[in-house]
Amino acid sequence: MKILCIGRNYVDHIKELENEVSGDPVVFLKPETALLRNGNPFYIPDFADEFHYEVELLVKINKLGKNIEPEFAHRYYDEIGIGIDFTARDLQNKLRNKGLPWEKCKAFDSSAAVSEFVPKSVYPDINNINFHLDVNGETRQKGNSSMMIYKIDTIVSHLSKYFTLKIGDIIFTGTPAGVGPVKIDDRLQLFIEDELMLDFMIK
Ligand code: MG
C-alpha cells in the first residue's frame, strides 16, 4: 500500500505558514514504513529539531482505480479515518528553500499516525465532517471537511491521474490551521465529531 498526501488544502493553514494557494493540489507520498498504528507512541527522531503535528482526515481506497472522474470518485472509498502527518518543520523549510524534495521531512518512519477506519455511511455528508486534535487535553486544531479547498472526490480524482489507486491505499487530505511542535510526554487525542479515534503519546 501507499500513503498519498495533499498539502495546503485549508486557506487558514496556508496563511499561517505564509504559503500561496496553489492552482493545483500539492501532492506528496509516504511509504508503508511511515505508518504508525494502534495508538503506538511516536518517538521523536534525532535528525531534525522541530517535529510538528498536522491533524488530517483520512480516506481509505477500496477499489482499484485510474483516471477516475470526480462524479465516480465516491465509489472508490468507503471508509474514513483521522491521522497525524508528522512533519520535520525545520528540515522542510531548509529543503523547500533549496527547491529539494520533501521525503526526508515528511515520509520518514512513523510519520503517518492513523486511527481505525469507520464506514463513511456513518456521516450524513462527507463534505461536512468536524474533526479536532487535543494536545494534553487542550484543543489545538479544529477543522471541517467543508473548509477543504479540494474536496475529497476532487482529491481522489486528481490523484488517480498520476497514481493507480489500490485497495488499502490511504489518503491524507490536508491540515487546518494550528499546527505546532510536539515534545516528549505530549498526549495526542484525535476526534471525528465527538468520537475519540486515536490516542497516543510522544516519546
Ligand atoms: Mg499535512
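See the structure printed just above.
Computed from a prediction, not measured in an experiment: that's the story for all the values here.

As a further point, take the pattern of salt bridges. Across all of its chains, the model carries nine salt bridges by this definition. Two residues, Lys2 and Asp169, come together in a salt bridge whose shortest N-O distance is 2.5 Å. A residue pair is termed long-range when its members are at least 10 positions apart, and Lys2 in the segment before strand 1 (3-7) and Asp169 in the loop between helix 4 (152-162) and strand 12 (170-172) qualify at 167 residues. For the pair shown, Lys2 and Asp169 are each scored as buried. The partner of Lys203 in a salt bridge is Asp185, and the shortest N-O contact between them spans 4.0 Å. Taken together, the positions of Lys203 in the segment after strand 15 (195-201) and Asp185 in the loop between strand 13 (180-181) and strand 14 (187-192) put the pair 18 residues apart, joining distant regions of the chain. One continuous salt-bridge network, built from bridges that share partners, spans Lys30, Glu54, Asp85, Arg89 and Lys106.

Okay, the sheet that holds strand 15 next. In space, the four strands of this open sheet follow the order 11-10-14-15, with antiparallel pairing throughout. For this open sheet the edge positions go to strand 11 (138-144) and strand 15, each flanked by a neighbour on one side alone. Taking each pair of neighbouring strands and ignoring which way they run, the sheet shows an average axis angle of 15°. Inspection of the sheet shows strand 10 (residues 130-135) paired to strand 11 by six bridges, in the antiparallel sense.

This brings us to the packing of aromatic side chains. Tallied over the full model, the rule gives 10 aromatic pairs. Seen from their ring centres, Tyr10 and Phe131 are 6.4 Å apart, and the 65° between their planes marks the pair as edge-to-face. Remark: Phe131 occurs in strand 10 and Tyr10 occurs in the loop between strand 1 and helix 1 (11-16); sequence separation between them is 121 residues. On the basis of relative accessible area, Tyr10 is assigned to the buried category, the value being 0%. Overall, Phe131 belongs to the buried group, its relative accessible area being 2%. With a centroid separation of 6.2 Å and an interplanar angle of 85°, the aromatic rings of Phe86 and Phe200 are classed as edge-to-face. On the criterion of sequence distance, the pair formed by Phe86 in the loop between strand 6 (77-85) and strand 7 (87-88) and Phe200 in strand 15 is long-range, its members being 114 residues apart. Classification of Phe200 by relative accessible area gives buried; the value is 2%. A network of ring pairs unites the aromatic residues Phe42, Phe47, Phe51, Phe86, Phe108 and Phe200 as a single cluster. It is Lys63 that lies over the ring of Tyr76; its NZ or CZ is 4.8 Å from the centre.

Mapped onto the secondary structure, Asp85 falls in strand 6. The spatial distance from the C-alpha of Asp85 to the C-alpha of Gly174 is 8.5 Å, given a sequence separation of 89 residues. Those residues in contact with Asp85 that lie beyond four places of it in its chain are Phe28, Lys30, His52, Tyr53, Glu54, Glu56, Lys106, Ser111 and Phe172.

Turning next to the side chain of Asn144. Structurally, the position occupied by Asn144 is in strand 11. Within polar-contact distance, the side chain of Asn144 engages the side chain of Asn128 at 2.9 Å. Of note is the side chain of Asn144, whose polar atom sits 2.9 Å from the side chain of Asn130. In contact with Asn144, other than residues within four places in its own chain, are Tyr10, Asn127, Asn128, Ile129, Asn130 and Phe131.

Core analysis: the biggest nonpolar cluster contains 61 residues, and Ile84, Phe86, Val156, Leu188, Leu190 and Phe200 have the highest contact counts within it. With five residues, strand 5 (residues 55-61) is the single largest residue contributor to this core.

Attention now goes to the coordination of the magnesium ion. Within the protein, the atoms that donate to the magnesium ion are Glu54 (OE), Glu56 (OE) and Asp85 (OD), at distances of 2.0 to 2.1 Å. The motif formed by the donor residues of the magnesium ion, counted along the single chain, is E-x1-E-x28-D. Take Glu54 and Glu56: they sit in the same class, and that class is buried.

A few words on the environment of Phe51. Relative to the helices and strands, Phe51 resides in strand 4 (residues 51-53). Here Phe51 falls in the buried class, since its relative accessible area comes to 2%. Placed 131 residues apart in sequence, Phe51 and Val182 show a C-alpha to C-alpha distance of 6.0 Å. Excluding anything up to four places from it in sequence, Phe51 contacts Phe42, Ile44, Pro45, Thr87, Ala88, Phe108, Gly180, Pro181 and Val182.

Reading the values: the criteria
- Residues numbered from 1 in each chain as written.
- Predicted model: local features only at pLDDT ≥ 70, side-chain atom pairs only at ≥ 80, totals over all residues.
- Heavy atoms only, no water.
- Salt bridge = Lys/Arg side-chain N within 4 Å of Asp/Glu carboxyl O.
- Helix = DSSP H or I, 4+ residues; strand = E, 2+ residues; numbered from the N terminus.
- Buried < 20%, exposed > 50% of the residue type's maximum accessible area, 1.4 Å probe, protein only.
- Pairing = 2+ DSSP bridges.
- Axes fitted to C-alpha atoms, helices over the stretch in contact; angles between N-to-C directions.
- Phe/Tyr/Trp six-rings, centres within 6.5 Å; stacked < 30°, edge-to-face > 60°.
- Lys NZ or Arg CZ within 6 Å of the ring centre and 35° of its normal.
- Contact = heavy atoms within 4.5 Å.
- Polar contact = N/O pair within 3.5 Å; in protein donor to acceptor, adjacent residues only side chain to side chain.
- Core = buried A, V, L, I, M, F, W, Y, C linked by side-chain atoms within 4.5 Å.
- Donors = N, O, S within 2.8 Å, 3.2 Å for Na, K, Ca; no water.

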